[in-house]
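# Coordinate analysis (summary)
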Amino acid sequence: MARIYSILFVILLLVAGCAGESSAPQAASDEAAAPEASSASSNSDGMQEVVIQPVGDQMKFASEAFTVQSGTKVRLVMDNVATLDAMQHNVVILSPGSDINTVGAAAIQAGPDNDYVPADNENILFYTAIAGPGEQTVVEFTAPAPGEYPFICTFPGHYSLMKGVMIVE
Ligand SMILES: [Cu+2]
């Protein structure tokens, strides 16, 4: 079983490499290099809703930064608009300064039964379950103290490309 996962992981890495090569070149201006920021929308009960989508079937978040207000309730949605079976995603929010490589490696060990989220990892603050293609998963939490909180997708092979930052003001 472990061997099958190893093979799958290698395949995912290969797919990631191909996706990287085929993506359109980025313009070299400072403006284009900045991550696209999206702000949360508030509904009537004051809950801030943030919807995170991948870019189609790419291993990339459509928005790599979002801003919420400290102390307010946040409803975070992983809206997986992908169509390929390999494109399963979650959103895992980490404490400021976390090493995403360490968390990403621990997540692979945690496996699919745990939504690739290792138990008792002090770097992990909030997370959605894994959403398959066409699915949505949701987590609600109270925005923590002001700061910059990295987020990643912990599905094996994704975290090095699927990452962003939650800015809490
Ligand atoms: Cu992913």
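Residues numbered from 1 in each chain as written. Predicted model: local features only at pLDDT ≥ 70, side-chain atom pairs only at ≥ 80, totals over all residues.

Along the protein, the regular secondary structure elements total 3 helices and 10 strands. Element order for the protein, N to C, with α for helix and β for strand: α-α-β-β-β-β-β-β-α-β-β-β-β. The buried share of the protein, taken over its 169 residues, is 27%. Within the protein, contacts between residues separated by at least 24 positions form 72% of all contacts whose residues are at least 6 apart in sequence. (Helix = DSSP H or I, 4+ residues; strand = E, 2+ residues; numbered from the N terminus. Buried ≥ 20, exposed ≤ 12 C-beta atoms within 10 Å, placed from the backbone. Contact = placed C-beta atoms within 7 Å.)

Next up on the list: the confidence of the model for the protein. Of all residues in the protein, 76% attain a pLDDT of 70 or more, and the chain-wide mean is 84. Confidence over residues 7-34 falls short of pLDDT 50; this stretch has 16 contacts with residues more than four positions distant or in other chains. (pLDDT = per-residue confidence, 0-100.)

In this structure, Asp-115 is a non-glycine residue whose phi angle is positive, near 55°. Position of Asp-115 among the secondary structure elements: in the loop between helix H3 (100-110) and strand S7 (124-127). The backbone of Tyr-116 shows a phi angle near 55°, a positive value even though the residue is not glycine. Here Tyr-116 is to be found in the loop between H3 and S7.

This brings us to the pairing of strand S9 (residues 147-152). Two elements, strand S6 (residues 92-94) and S9, share 2 bridges in a ladder whose sense is antiparallel. Considered in S9, the bridge of Val-92 is made with Ile-152. Here S9 pairs with strand S10 (residues 163-168) via 6 bridges, running antiparallel. Residue pairing across strands places Ile-152 opposite Lys-163, the latter belonging to S10. (Pairing = 2+ DSSP bridges.)

Below, the discussion takes up the environment of Gly-104. Position of Gly-104 relative to the elements: it lies in helix H3. Not counting residues up to four positions away in its chain, the partners in contact with Gly-104 are Ile-152, Thr-154 and Tyr-159.

When H3 is considered as a whole, its buried residues turn out to be Val-103, Gly-104 and Ala-107. One side of H3 carries all its buried residues, which in axial view fall inside an arc of 100°. Turned more than 90 degrees from where H3 packs its buried face, Asn-101, Thr-102 and Gln-109 sit exposed. Buried residues along H3 sit in contact with S6, S7 and S9. (Arc of directions from axis to C-beta.)

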